[in-house]
Structure formats: structure tokens, C-alpha cells
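Structure at a glance
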Amino acid sequence: MARFETRAVHAGEHRIGHAADGEAADGEAGGRGDFAPISTPIYASTTFSHHDMEQTDRILGGEEAGYSYARYDNPTVAALEEALRTLEDPEEERETAAFAFSSGMAAMHTALTAAEVGSGATVLAAEQLYGSTATLLLQIFGASGVDTKFVDVYDVEAVERAVAEHSPRALVIESISNPLLRVADVPRLAEAAHAGGAALIVDNTFGTPYLQRPLALGADIVVHSATKYLAGHGDVSAGAAAAVPPYAGAVEGVRKLTGGILGPFEAWLTLRGMKTLPLRMQRQCENAREISNRLTAVPGIVRVNHPALKGHPDAELAPEMLSDTGGLLSFELEGGREAAFRFLNALQLCVRAPSLGDVYTLITHPATSSHRELPASRRERLGVKEGLIRVSAGIEHPGDIAEDIEQALQKV
Ligand code: PLP
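Throughout, residues of each chain are indexed from 1 in the direction in which the sequence is written. Residues qualify for local features only when their pLDDT is at least 70, as the model is predicted, and side-chain atom pairs are given and counted only at 80 or more; totals for whole chains, interfaces and linings, by contrast, use all residues. Hydrogens are left out, water is left out, and the side-chain values use all remaining heavy atoms of the structure.

**Quick look at the pattern of salt bridges**
By convention in these notes, a salt bridge is any Lys or Arg side-chain nitrogen within 4 Å of a carboxyl oxygen on Asp or Glu. Per the counting criterion, the structure on display carries 15 salt bridges. Between Asp-147 and Lys-149 there is a salt bridge whose closest N-O contact spans 3.0 Å. Working definition: with a 1.4 Å probe on protein chains only, accessible area under 20% of the residue-type maximum means buried, over 50% means exposed, and in between means partly exposed. Here Lys-149 falls in the partly exposed class, since its relative accessible area comes to 28%. Three or more residues joined by partner-sharing salt bridges are found here, namely Glu-82, Arg-85 and Glu-92.

**With respect to the site of the ligand**
The environment of the ligand is made up of Ser-103, Gly-104, Met-105, Tyr-130, Asp-203, Thr-205, Phe-206, Ser-225, Thr-227, Lys-228 and Ala-238. A distance of 2.9 Å is found between an oxygen atom of the ligand and a backbone nitrogen or oxygen belonging to Gly-104. Within the contact set of the ligand, an oxygen atom lies 2.8 Å away from a side-chain nitrogen or oxygen of Lys-228. Computed with a 1.4 Å probe, the accessible areas rest on the Shrake-Rupley method; for each residue, only the protein chains presented here act as cover. Coverage of the ligand by the protein amounts to 88% of the 390 Å² it exposes when considered alone. Of the residues belonging to the shell around the ligand, the class tally is four nonpolar, five polar and two charged. Being near a molecule or strand, for a residue, means having at least one of its heavy atoms within 4 Å of it. Identification of polar contacts relies on pairs of N or O atoms within 3.5 Å, with a donor-acceptor requirement for protein atoms, meaning one able to donate a hydrogen and the other able to accept it, and with residues adjacent in sequence counted only if both atoms are side-chain atoms. Classification used: nonpolar for Ala, Val, Leu, Ile, Met, Phe, Trp, Tyr, Cys and Pro, charged for Asp, Glu, Lys and Arg, polar for all others including Gly.

**Considering the nonpolar core**
Membership of the largest hydrophobic core comes to 89 residues, with the highest contact counts inside it found for Leu-112, Val-153, Leu-171, Ile-173, Leu-200 and Ile-201. Here this core spans two domains, and each of domain 1 (68-274) and domain 2 (277-409) adds at least three residues to it. With residues near it in sequence (within four places) discarded, Leu-112 still touches Val-117, Leu-136, Leu-137, Phe-141, Val-172 and Ile-201. We define the nonpolar core as a collection of buried residues of types Ala, Val, Leu, Ile, Met, Phe, Trp, Tyr and Cys that are connected through side-chain atoms lying within 4.5 Å of one another. Counting residues in hydrophobic clusters, the runner-up holds 25 residues, among them Leu-295, Phe-331, Ala-339 and Ile-405. Residue ranges assigned to the domains are those given by an automatic or database domain assignment. The contact criterion used is simple: two residues touch if any of their non-hydrogen atoms lie within 4.5 Å.

**Overview of the sheet that holds strand E4 (residues 170-174)**
The strand order E1-E7-E6-E5-E4-E2-E3 describes an open sheet built from seven strands, whose pairing is mixed. Because the sheet does not close on itself, it has two edges, and the strands there are strand E1 (97-101) and strand E3 (147-151). Pairs of neighbouring strands in the sheet enclose a mean axial angle of 20 degrees, with direction left out of account. Both strand E2 (residues 122-126) and E3 contribute to a ladder of five bridges, which runs parallel. Residue pairing in the sheet places Val-123 in a bridge with Thr-148 of E3. Packed on one face of the sheet, helix H3 (residues 75-88) meets E1, strand E6 (221-225) and strand E7 (239-243) and runs near 130 degrees to E1. Taken strand by strand, helix H9 (residues 247-258) contacts E1, strand E5 (199-203), E6 and E7, and its axis lies near 25 degrees from that of E1. Strands pair, by our definition, only if DSSP identifies at least two bridges between them. A helix here means a DSSP run of H or I that spans at least four residues, while a strand means a run of E at least two residues long, and both kinds are numbered starting from the N terminus. To define axes, lines are fitted to C-alpha atoms, for helices over the stretch in contact only, and angles between the resulting N-to-C directions are given on a 0 to 180 degree scale.

**Examining helix H5 (residues 131-143)**
Here H5 spans 17 Å end to end across 13 residues, near enough to the 18 Å set by a 1.5 Å rise per residue. Among the residues of H5, Gly-131, Thr-133, Ala-134, Leu-136, Leu-137 and Phe-141 are the ones counted as buried. On its buried face, H5 is in contact with helix H4 (104-114), E2 and E3. Of the residues trailing H5, Gly-145 is marked for its positive phi of about 90 degrees. Here the expected length of a helix is defined as 1.5 Å per residue gap, with one fewer gap than residues.

**A word on the domain arrangement of the protein chain**
The domain architecture assigned to the protein chain consists of domain 1 (68-274) and domain 2 (277-409). Opposite the 33 residues of domain 1 that make contact, domain 2 presents 41 residues. Summing both sides of the interface, domain 1 and domain 2 together bury roughly 3,200 Å²; the carbon and sulfur share of this comes to 62%. Taken as a group, Leu-180, Tyr-210 and Tyr-229 account for 25% of the area that domain 1 buries against domain 2, more than any other trio of residues on that side. At the boundary of domain 1 and domain 2, one finds two salt bridges. With a shortest N-O distance of 2.9 Å, Glu-127 and Arg-381 are connected by a salt bridge. In this assembly, domain 1 and domain 2 are joined by 17 residue pairs in polar contact (both at pLDDT 80 or more). Looking at which element gives the most residues to the side of domain 1 that touches domain 2, the answer is helix H8 (residues 208-211), with three residues. In terms of residue class, the side of domain 1 that touches domain 2 is built from 18 nonpolar, 11 polar and four charged. In short, buried area is how much 1.4 Å probe accessible area vanishes from two parts on joining, totalled over both.

This is how it looks when you write it as C-alpha cells:
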């Protein structure tokens, strides 16, 4: 089995072979001789026809592999899904299947539905969960009779008690939390969930398969906002879910009916971005570490949050769960929102934008972006203070990022 970096580059590509007689195997070469694309083409086609009706019937009936209709699947999307599958479960140890979605939220909605989170069910969810996931659970699933209980997932005993008390259908966590970068103990949480018959759904957007493969640690469904690190260039909205049986079949079935599949152009962009995932992540991890270290020495910063720093609550657990410490950090400025805004407005190189995982360094103010919808008291309790800043390190030279942050800090 090729290594992660090699799989990221080659996996999934439908490399159309050359015919033995020198004719292009992909049919008519347009009179320009033998050729074969090395990059899977963008198959902009809503439907696919076959040799005869009997074959169409077999494909629609699931007896033969093939493409029929773009809401079900598409060759460009399939190339991305195969690449994702090999990154999540390279040895096919768990019969994993991966599915691409039009956004991370579409993937999460399908994952929850596939885990049979429906009328009368209870879901346990991490208190620190991404705001829109929490709102999805409370508003959309809540309206159809789902009860969501939030729990501190960094206290595994509390999760075990909550599982015993509520018999939830699913436990929803994030491998690395936003914006304090807490690291979840996935194997223990998987055990806790399974003890009560619940599925463990892990949002691995911040981790990516480069840092962690949650399915190998016991998770049942992994969800990504591929808009972030997987695609990596700030130019595409995409989502993904990788699941093991029996959830994999359910994810595919729900996606077919709800129609959240990714389009072929976006799949092609995401697949292209994923080829450099290991290179980008390596650099982003190094940059985040360097910026964190430099910031710990700056007066006016109350604290810096990054799993590589000694004082981080999960500094010991992080190396067991992650292959590196990630591309994100956050820090708290003295002076609350006013100081935070002054800092953000003074940035010249780093981009002020409420996203993460791009080649550009992106800096945001969680209290007015990702956590805006939460009541101030809940934000405060979760440690999302008014002076908190989140940095998603890009791939620029670390000296340039640090100098921009330092000049902006001087203006505070
Ligand atoms: N999960 C996490 C951890 C996120 O940060 C985000 C978006 O910021 C999402 C899910 C949702 O992803 P998308 O915006 O692609 O729907």
C-alpha cells in the first residue's frame, strides 16, 4: 500500500489507458493521435447512457457498477470519493465508503439522518460543536422531535453517564474543537457511545485524515467540511462523509433522496486540492507552532491556545490522537472586542475571513462569527471571550505571517 503522500496524489484518478494498437482507448481521438488525460475529466453530464436497456436495468438495479444519473453519482465525483476512501481507510480494514457533498453541513445532515436520528431520538453533542451543527440539531432535527443534549466530551465519564441516562442514537464530536483546539479522546468516546448502542459521528474538518483517521479509532461516520483543508484554496464549497457498514449504505441512500451530492466541477477542484494536502498540512502545522511560540512571549496576550504548547489541557493526549498538532491556534487579547477589532483591522498580509484551512493565513473573531448565534453567557462559559482571535495558518513564510501579526498587535 502506497504511503499517504503518494495516495493523496494518485488515488481515485480514472486514468484512461492506451489501447494496445496505439488507438486512444477512450474512443475517437479527434484525429489527433493517441492521448489519454492524466487528470480525471470533469464529466458535466446529468445522465449516462449504456449499451442497451438491459445494461441500464442492471446498473439501476445495483447488479452492475455504473453511472446513471448525476444525483446518484458521477465519474468525477467518484474519483474524489475513491481518493477520500483511501485516505480514510487505506487497507480497507473497515469496508469504508466515502461520499462527497455540496457542503460540510449537507454531509452532517445526511450523517445524522443515516444514523437514524429522527422523531423521538436523543443525540449527545459536544458542547463546543461548530455553531451551525448545533443549530442544525436544535432547529431542524429539534422540529421533528429530536432531543439534543450537550455534554462536555473532554470528561469521558460524564459522557458515559449521559449515554447510560439518555440512550442516545448518536454521539457527535469534533476531533479538534473550535476555537480552543481541544483534542477529543476518540477511542474512549467510541467505546462510551457503543456501550449504549449509539453511533459515533466525528467531524474531522480541523484534523483531516493527515492528522487523524477516526474510523481506525472506532468512529462510525466521519464528516468533513471539505471547503477547508481538503480542498484548501478558498475557492470551493464541499463536504464529505466516510462511513462503515451499516451506516455507509444509509449515507448513500439518504444522499440519493435528499440530493446533496457535490457537482463535478467542485469535485474536480477538491480532488486537485487534496493532492497537496500533506504538503500543505505539514507547512501549516509548522507555521502554527512557530506563531504560537512567538505569541507566548508577547505582552498584552492573556493566553495562547495550541495543542503543542505545554499549558494546553490536551498537550499529553494530542500526540496519541494526532500525527501533528494542526494548523490552527487562538489567542486572547487584553481589552476585549475593541482590542480584537483594532488588531484585525491592522492586519496587512493575513486575510480577515471567517474560514480556515486555506493556503492563505486566515484570521477571525469567533465571538462575532462562528459563535455569534450563541448567547453571550454560553460563549463566556465555553471560553470564547470577546478578545479571542483565531488564526488558521497558511503556507506563507512563517516570518512574514508572524511579522504581520506582530505589527498589528502593536496597533492595539
Ligand atoms: N464543521 C466544521 C468544524 C466547520 O468549521 C464548518 C464550517 O466552518 C462546517 C462543519 C460546515 O462546513 P460547510 O461550511 O462546508 O458547510
